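Fold and contact review
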Amino acid sequence: MALLDRSEWYGLARETNWTPRYVAENELFPADLSDPYGLPMKAWEAFDEPYKVSYREYVKVQREKDANAYSVKAALSRSKFYDSADEGYLSLLKLHYGAVSLTEYQACQAQGRMSRFSKAPGMRNTSTFGMMDEMRHTQLQLFFPHELVTRDRQFDWAHEATHTKNWAVLGGRHCMDDIMMTRDAITTSIMLSFAFETGLTNLQMVGLAADSEAIGDFTFSNMITSIQSDEARHAQLGTPSIEILIKNGKKAEAQKALDISFWRVWRLFAILTGIPMDYYIPLEKRHMSFKEFMHEWVIKQFVRQLNDIGLEKPWYWDMFLDDIENHHHCQQGGIWSWRPTVWWNPPGAVGPKEREWLEKKYPGWNDSYGRYWDVIIGNLLDGHEEKTHPNCIPVICNMCQIPVSNRPGPKWKARVYQLDYKEKRYNFCTPVCKWIFEQEPERYKDFETIVDRMYSGVIDPPTLPNVLTYMGIGVVSNGGRDGYDYSWINGYRKQAAE
Ligand code: MN
Ligand code: MN
């Protein structure tokens, strides 16, 4: 059979729409799942993604990518890399796999919603590939850590995290449910494809691949590069959606979807990326600080993309810039202090040399975050490890589900932003999290934070062992300990002796 040239059939195949006869258009594309902005079918037919691919090409390329990733893994599986790997780096891997593996599967469902419910044929086509991409990412990131489970049960969180009620998982799921599991096709393309993938993860993966290569973990680095190459393609789903909305008088709506989702993802992203970059990766292997990475990669590129597309920087931009200097430092302190509640072994990793580096990269670090660690270091030097475990329960933000905190020391910027709604008081970490809640209180009001659950009878009685079991600790694996078994304080011991 003679084959047509790609150019002869491609446009027709990806632009095909039809007029439904058996059901009404709004039954085929219900607004809540499809397009709540009410644009006509014709407007969506203008959807034009820049990077085009046919199914035949897609399958060929994906097969090659998979063969490459799996064969590198097979070739290196006898190397003893993971036996002698730095525990800080292993923590990066455990955190990554626990947070990401099944989130990819959720992303697959989000892409599936776009494939079925978008009125734009080009978008349905691209998200079909996106759906298969995300399935591949799920498979890779479930399979790769699997061989590590026998050596360290904490790697089992790649499979299990999403099925637990660990506080960090609740935070991640609250965000992902909000931006990609419970929105219509068009809003999902803004929140997931543009804010999350274009704005943050696509670039983060480039950095993550470079970091793991510098460490010598070519298996992981290669896998991430393979995934990133898919992300770069399907992340383009958001741009044409936004262009069409703007052209049809819906700029404010597109801007709001961006503002909500960029902040939501940022709050998680800083933990997932900022902490490992500035604390978990051994000092001599760090290629740049998280702040430098954010300014050079994310901010510069994202602002340019916003300009190109015709949107504005989110209204909270100044707060975002300030959060880059603070949020992940706070959470490093918090996660380390509550280390038994997580599934990785966070290293304190603030020895004298590391502090010098932190002060250089974040002027003022010693006079703020340093003071928090001074107390911990003092207790460890005095042989009072037990005093480094807090007895209190943090206040959790009712939006991001992350403990409320901000810069310590003389500036003391930690505040709780409160809102009373229908006889309940809600606490927020920042004006932005509060603003998101105010946009749609009914959407968020019934969700109980992990701390709410201790007081509402869900975790009963709320003793420490019960709380840990509820969070999957001691069930899936043991909880965390200091990744370096406190060896990072040796530098202070030496200083004291001198
Ligand atoms: Mn993915
Ligand atoms: Mn993706």
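Note that the structure is a prediction, hence the values are computed from the model and not measured.

For the rest of this paragraph, the subject is the layout of surface pockets. Computed from the structure, the largest pocket encloses a volume of approximately 1,000 Å³. W338, P390, C392, I393 and P394 are the residues nearest the centre of the largest pocket, which is lined by 40 residues in total. Among the secondary structure elements, those contributing two or more residues to the lining of the largest pocket are α16 (327–337), α18 (369–381), α21 (450–455) and α22 (464–470). Broken down by element, the residue count for the lining of the largest pocket peaks at seven residues, all from α16. Classifying every residue of the lining of the largest pocket gives 28 nonpolar, eleven polar and one charged. Space inside the second largest pocket adds up to approximately 340 Å³. Forming the boundary of the second largest pocket are 18 residues, of which P50, T198, Q236, T239 and Q305 lie nearest the centre. Split into classes, the residues belonging to the lining of the second largest pocket amount to eight nonpolar, six polar and four charged.

Before going further, it helps to examine the state of the cysteines. As enumerated under the stated definition, the model contains zero disulfides in all. Here C108 stays free of any disulfide, with the sulfur of C175 as its closest cysteine sulfur at 18 Å. Of all cysteine sulfurs, the one in C400 lies closest to C175, which takes part in no disulfide; the gap is 9.4 Å. A relative accessible area of 1% means that C175 is categorised as buried.

Most of α16 sits inside the fold, with eleven of its eleven residues counted as buried. Contacts from the buried residues of α16 go to α9 (167–181), α13 (251–280), α14 (290–309), α15 (317–324), α17 (352–361) and α18.

Our focus in this paragraph is the nonpolar core. The biggest cluster of nonpolar side chains holds 111 residues, and the ones touching the most others in it are W266, F290, M294, F320, I450 and W488. By residue number, the principal contributor to this core is α13, which donates 15 residues. In contact with I450, not counting residues within four places along its chain, are K165, W167, L170, I396, I459, Y470 and M471. Judged by nonpolar contacts, the second largest core, of 24 residues, contains A69, F81, L90 and I227.

The subject of this paragraph is the coordination of the manganese ion (ligand 2). For the manganese ion (ligand 2), the full set of protein donor atoms is E134 (OE), E197 (OE), E231 (OE), E231 (OE) and H234 (NE2), and the range of their distances to it is 1.9 to 2.5 Å. Mapping the donors of the manganese ion (ligand 2) onto the primary sequence gives the spacing E-x62-E-x33-E-x2-H. E134 gets classed as buried once you look at its relative accessible area, which sits at 1%.

On to helix α6 (residues 87–117). For an α-helix, 3.6 residues make a turn, and residues three or four places apart therefore share a direction. End to end, α6 covers 45 Å across 31 residues, agreeing with the expected 45 Å (1.5 Å per residue, within 8%). At Y97, α6 shows its maximal kink, close to 30°. With 27 of 31 residues buried, α6 is to be regarded as a mostly interior element. N-capping of α6 is provided by D86, with a side-chain oxygen placed 2.7 Å from the backbone N of G88.

With that out of the way, let us pick up the coordination of the manganese ion (ligand 1). Within the protein, E104 (OE), E134 (OE), H137 (ND1) and E231 (OE) serve as the donor atoms for the manganese ion (ligand 1), at 2.0 to 2.2 Å. Donor residues for the manganese ion (ligand 1), ordered by position in the chain, follow E-x29-E-x2-H-x93-E. Here the manganese ion (ligand 1) and the manganese ion (ligand 2) are spaced 3.4 Å apart, and both take E134 as a donor. Of this pair, E104 sits in helix α6 while E231 sits in helix α11 (residues 218–234); the two residues are 127 residues apart in sequence, bridging distant segments of the chain.

Here five bridges tie strand β1 (residues 417–421) to strand β2 (residues 424–428), and the two strands are oriented antiparallel to one another. By the bridge assignment for β2, Y417 is matched with F428. Between β1 and β2, which pair antiparallel in sequence order, lie two residues; one of them, K422, sits at a positive phi of approximately 45°.

Moving on to the pattern of salt bridges. Tallied over the full model, the rule gives 35 salt bridges. The salt bridge partner of R136 is D230, with a shortest N-O separation of 3.1 Å. Highlighted residues: R136 in helix α7 (residues 121–146) and D230 in helix α11, separated in sequence by 94 residues. Each of the two residues, R136 as well as D230, counts as buried.

Our focus in this paragraph is empty space enclosed by the protein. Enumeration according to the criterion identifies five cavities of 30 Å³ or more in this entry. The computed volume of the largest cavity comes to approximately 670 Å³. Looking at the largest cavity, it is lined by 37 residues, and the ones nearest its centre are A99, V100, T103, M176 and L272. The element that contributes the greatest number of residues to the lining of the largest cavity is α6, accounting for nine residues. Considered class by class, the residues forming the lining of the largest cavity number 22 nonpolar, ten polar and five charged. Here the second largest cavity defines a volume of roughly 120 Å³. If you go around the second largest cavity, the residues you meet are L92, H96, Q204, G207, L208, D211, L272, T273, P276, M277, H287 and F293.

Analysis parameters
- Residues numbered from 1 in each chain as written.
- Chains lettered and ligands numbered in written order.
- Predicted model: local features only at pLDDT ≥ 70, side-chain atom pairs only at ≥ 80, totals over all residues.
- Heavy atoms only, no water.
- 1 Å grid on protein atoms, 1.4 Å probe; cavity = no way out; pocket = protein on both sides within 12 Å on 5 of 7 lines; lining within 4 Å.
- Points joined across faces, edges and corners; volume = space filled by probe spheres on them.
- Helix = DSSP H or I, 4+ residues; strand = E, 2+ residues; numbered from the N terminus.
- Nonpolar A, V, L, I, M, F, W, Y, C, P; charged D, E, K, R; others polar.
- Disulfide = S-S within 2.5 Å.
- Buried < 20%, exposed > 50% of the residue type's maximum accessible area, 1.4 Å probe, protein only.
- Contact = heavy atoms within 4.5 Å.
- Core = buried A, V, L, I, M, F, W, Y, C linked by side-chain atoms within 4.5 Å.
- Donors = N, O, S within 2.8 Å, 3.2 Å for Na, K, Ca; no water.
- Expected span 1.5 Å × (residues − 1).
- Bend = angle between axes of the 7 residues up to and from the residue.
- Polar contact = N/O pair within 3.5 Å; in protein donor to acceptor, adjacent residues only side chain to side chain.
- Pairing = 2+ DSSP bridges.
- Salt bridge = Lys/Arg side-chain N within 4 Å of Asp/Glu carboxyl O.

The values reported here are purely geometric and, on their own, carry no functional implication.
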